[in-house]
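Listed below are the residues making up each chain.
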Amino acid sequence: MLRNPPVAPTRAVPAPPYRSRLLRHESRMAYAFITPAMGLFLIFTLLPAVFALFLSFTNYDILSPIKWVGLANYERLLTDDLFRRGVLNVAYYALLYVPLMIALSLSLGLALNRKRPGMALFRTLFYLPAVTSSIAAATVWTWMFQKDYGVVNQALDVVGIRGPNWLASSDSAMYAIVIVTLWQGLGSNIIIYLAGLSGVPTFLYEAAALDGASPWQQFCYITVPALRTTTFFVVFMSLIGAFQLFDQAYVMTQGGPGYATTTAVYQIYSNGFTQLRMGYASAQAFVLAVAILCVSLISMRLNRDSGLG
Amino acid sequence: MNRNLRWTPWVVLRESLFYALLVGVAVVMALPFYWMVVTSFKPDTDIFSEPIRWIPQRFTFEHYVKAFTLVPFSRYFWNSTVMALLGVLANLVLGSLAGYAFARMRFRGREGLFKMKLASLLIPGVVTLIPSFIILKSFPLVGGNDLLGHGGQGLLNSYWAIVLPGAAGAFAVFFMRQFFRTLPDDLMDAARVDGASEFRIFWSIYLPLCGPALATLGIFTFQAGWNVFLWALIVFNDPKMSTVQMGLQAFSFNHQTDYGPLMAASVVVSLPVLIVFLFAQRYFTQSISFTGAKG
């Protein structure tokens, strides 16, 4: 679970006079309070991050000792067609997923924001998929995407469309994954948009309506600019999630058919843990992590006022 | 309600279209749940019927029995429950301890250390997978390891492998800190005058005021722990340690899938978090809008 909560400004604390015995005692206790959390942070976040960089310059298969190989892993990465495929697949996925996610969650958020009876019920229904595990969801959808017995194709049949063999065809497998992840991700983003919409002052709409602005103009000139920060947040989180796509590709297609749904994380997992090329997999992980970090930092730079930077 | 709404034909049409659209989306959102539940109660002969039987004619519980007898699903259920609950406990205790210190206590390096902890949210999980695996495997003096961490499997294949790395997430610390900051200072001063220890002030005065925050954090952490997959796949290779999420894989052998029991198992896997959600809906949606966190 990757989270990026907004950071509130720090309350000013007067410069502490460390001479006082109470304060000395207080700070000793404070260190005791934070030690478990910071210790775990050291062992399972900071140390691994540094260790990953080191491993990426080595060959290691767990059984034999670590061997330093310099930049060999990175050189090999440049010609690794499978890893490139994994990265391209993730990029393709993100290109489909992120715009659809914005369009759908924004329009449903706007719909639920209207003052009409039953909106609370719809909100609950739309959020429900976000609660289920990605594995259980992918399992059920795999069954629904079956060519002949599947619900999806039989439903399409009703409207006269002949559905593809979703998961067995390299043309449609990625679409199936996009559908499942959209289904699961929509709920939380709708709620984030609803929260964003609740912050748009209503007098702006009233004033615009008085000036004769059409609903479409109100949407373009009031709603969209007011939701800039929210949209940025949704894009940002969706993008970071997309980069790390794994569960659905593992359960629904095992990366196939062919290599149509192999993702970058899938490649890292199979290199590191099924073929025990830990050094090489670390190099791949490091490249992916740097890419994610770049996206994070660039988007924070672009949105200094969004409360995230 | 909108007082200016006049029921002209145009408005009636617009409002009907609006509701038709929402109902359509709701059907798509609910369909997988419906299909999962319905399939799990259908006898085998009805599962593969054409055209589809949307409303089952006959009910059976045999798939639920099978789900628990074909594979050791009750064992998986126990594993997932224990690990998710331990995760919740650890995050609530350690997260509120650290969150309290960062919010209310004065010490050198407070802001720097907090920012460092918060920065771990920026480190994507994928980069720590392999090193964390190696660290767990070579933990000294456990799981048959010697002092240098050689010889055994360390903490792999134990509950610790799941619980420890996520025991004090940056999110938990951040979330609790934000909450503790909203509480008044004078409670602390009064307690100090009475000679209460720092831990006592935290434990018996401030922590009991955190009910809603602890509930929200607990729900999020439970959901995260229950749904762990990739990490479990990596640190467990002993079938006895499988989680429910990994257990779902056990129903497909050699491209043959037993859909009845698989759907029954999926229902069982989905239920705990679903039940928690329905009871705690208000907390869930409120804190998503508060933190922007996704489940």
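The rules behind these values
Residues numbered from 1 in each chain as written. Chains lettered and ligands numbered in written order. Predicted model: local features only at pLDDT ≥ 70, side-chain atom pairs only at ≥ 80, totals over all residues. Heavy atoms only, no water. UniProt positions renumbered as here; feature names shortened; annotations may be inferred. Core = buried A, V, L, I, M, F, W, Y, C linked by side-chain atoms within 4.5 Å. Buried < 20%, exposed > 50% of the residue type's maximum accessible area, 1.4 Å probe, protein only. Helix = DSSP H or I, 4+ residues; strand = E, 2+ residues; numbered from the N terminus. Contact = heavy atoms within 4.5 Å. Buried area = accessible area lost by both parts, 1.4 Å probe. Salt bridge = Lys/Arg side-chain N within 4 Å of Asp/Glu carboxyl O. Polar contact = N/O pair within 3.5 Å; in protein donor to acceptor, adjacent residues only side chain to side chain. Phe/Tyr/Trp six-rings, centres within 6.5 Å; stacked < 30°, edge-to-face > 60°. Lys NZ or Arg CZ within 6 Å of the ring centre and 35° of its normal. Domains from an automatic or database assignment.

Chain B goes by Carbohydrate ABC transporter permease in an unreviewed UniProt entry, where it is assigned to Deinococcus psychrotolerans. Recorded in UniProt under Subcellular location (unreviewed entry), the annotation for chain B is "Cell membrane".

Taking an unreviewed UniProt entry as the reference, chain A is identified by name as Sugar ABC transporter permease belonging to Deinococcus psychrotolerans. A UniProt comment under Sequence similarities (unreviewed entry) is attached to chain A, and it reads "Belongs to the binding-protein-dependent transport system permease family."

Draft legend 1. Fine view of the nonpolar core. Among the nonpolar cores identified, the biggest contains 187 residues, and F126 of chain A together with F73, F133, F180 and V235 of chain B are the most heavily contacted of them. Considering each element in turn, this core owes the most residues, 14 residues, to helix α7 (residues 173-197) of chain A. Those residues within four positions of F133 of chain B in sequence are excluded, and the remaining contacts are I62, F273 and M278 of chain A together with L156, W231, I234 and V235 of chain B.

Draft legend 2. A look at the interface of chain B and chain A. The interface of chain B with chain A comprises 110 residues on the first partner and 104 residues on the second. Taken together, both faces of the contact between chain B and chain A bury some 9,800 Å²; the carbon and sulfur share is 75%. The tally of links between chain B and chain A comes to four salt bridges. The closest approach of N and O atoms between R192 of chain B and E26 of chain A, which form a salt bridge, is 2.9 Å. Here chain B is connected to chain A by 14 residue pairs in polar contact (both at pLDDT 80 or more). It is helix α14 (residues 259-291) of chain B that provides the largest number of residues to the side of chain B that touches chain A, a total of 17 residues.

Draft legend 3. Main features of unusual backbone geometry. Residues G256 of chain A and P257 of chain A are joined by a peptide bond in cis, for which omega reads -5°. Position of P257 of chain A among the secondary structure elements: in the loop between α11 (247-253) and α12 (264-274). Within the chain, I62 of chain A stands out as a residue other than glycine whose phi angle is a positive 75°. Along the chain, I62 of chain A turns up in the loop between β1 (58-59) and β2 (67-68). Even without glycine at this site, L141 of chain B takes up a positive phi of about 65°. Within the secondary structure, L141 of chain B sits in the loop between α6 (125-137) and α7 (159-163). For L141 of chain B, a relative accessible area of 59% puts it in the exposed group.

Draft legend 4. Seen up close, the packing of aromatic side chains. Evaluation of the coordinates by the stated rule reveals 52 aromatic pairs over all chains. Site record: aromatic cluster; members linked through ring pairs are F33 of chain A together with Y100, F180, F199, F202, W203 and Y206 of chain B. If you follow R114 of chain A out to its NZ or CZ, it ends over the ring of F18 of chain B, 4.4 Å from the centre. The lysine or arginine in question, R177 of chain B, covers the ring of F114 of chain B, its NZ or CZ lying 3.9 Å from the ring centre.

Draft legend 5. Region of the structure containing the side chain of S120 of chain B. Assignment of secondary structure puts S120 of chain B in the loop between α5 (110-119) and α6. Dropping the residues within four chain positions of it, S120 of chain B is found in contact with F41 and T45 of chain A together with A170 of chain B.

Draft legend 6. Region of the structure containing the UniProt feature "transmembrane region" (unreviewed entry) in chain B. All names here are of chain B. UniProt records the feature "transmembrane region" (unreviewed entry) at residues 12-35, 76-97, 118-139, 159-180, 201-234 and 259-280, using the numbering of this structure. With 100% helix and 0% strand, residues 12-35 has its two end C-alpha atoms placed 33 Å apart. Here residues 159-180 runs as 73% helix and 0% strand, with 31 Å between its end C-alpha atoms.

Draft legend 7. Structural detail: helix α6 (residues 151-158) of chain A. Among all positions in α6 of chain A, only V151, V152, N153 and Q154 of chain A are buried. On its buried face, α6 of chain A is in contact with α5 (134-144) of chain A together with α1 (9-41) of chain B. G160 of chain A sits one or two positions beyond α6 of chain A and adopts a positive phi of about 85°.

Draft legend 8. Structural context of the UniProt feature "transmembrane region" (unreviewed entry) in chain A. Residues and elements named next belong to chain A. Per the UniProt annotation, the sites labelled "transmembrane region" (unreviewed entry) are residues 29-55, 90-112, 124-144, 173-195, 226-246 and 278-298. For residues 90-112, the helix share is 100%, the strand share is 0%, and the end-to-end C-alpha distance is 31 Å. The straight-line gap between the two end C-alpha atoms of residues 278-298 is 30 Å; of that span, 100% is helix and 0% is strand.

Draft legend 9. Focus on the UniProt feature "domain: ABC transmembrane type-1" (unreviewed entry) in chain A. Under the feature "domain: ABC transmembrane type-1" (unreviewed entry), the UniProt entry names residues 87-299 of chain A. Secondary structure across residues 87-299 of chain A comprises 76% helix and 0% strand; the distance between its end C-alpha atoms is 20 Å.

Draft legend 10. Local environment of the domain arrangement of chain B. Residues and elements named next belong to chain B. The domain boundaries assigned to chain B delineate domain 1 (1-59) and domain 2 (63-292). One C-alpha centre belongs to domain 1, the other to domain 2; they are set 35 Å apart. Taken together, the contact between domain 1 and domain 2 spans 11 residues of the former and 11 residues of the latter. Summing both sides of the interface, domain 1 and domain 2 together bury roughly 790 Å²; the carbon and sulfur share of this comes to 74%.

Draft legend 11. Representation of the domain arrangement of chain A within the structure. Entries for chain A in the domain assignment read domain 1 (15-46) and domain 2 (72-305). Taken over C-alpha atoms, the centre of domain 1 of chain A sits 40 Å from the centre of domain 2 of chain A.

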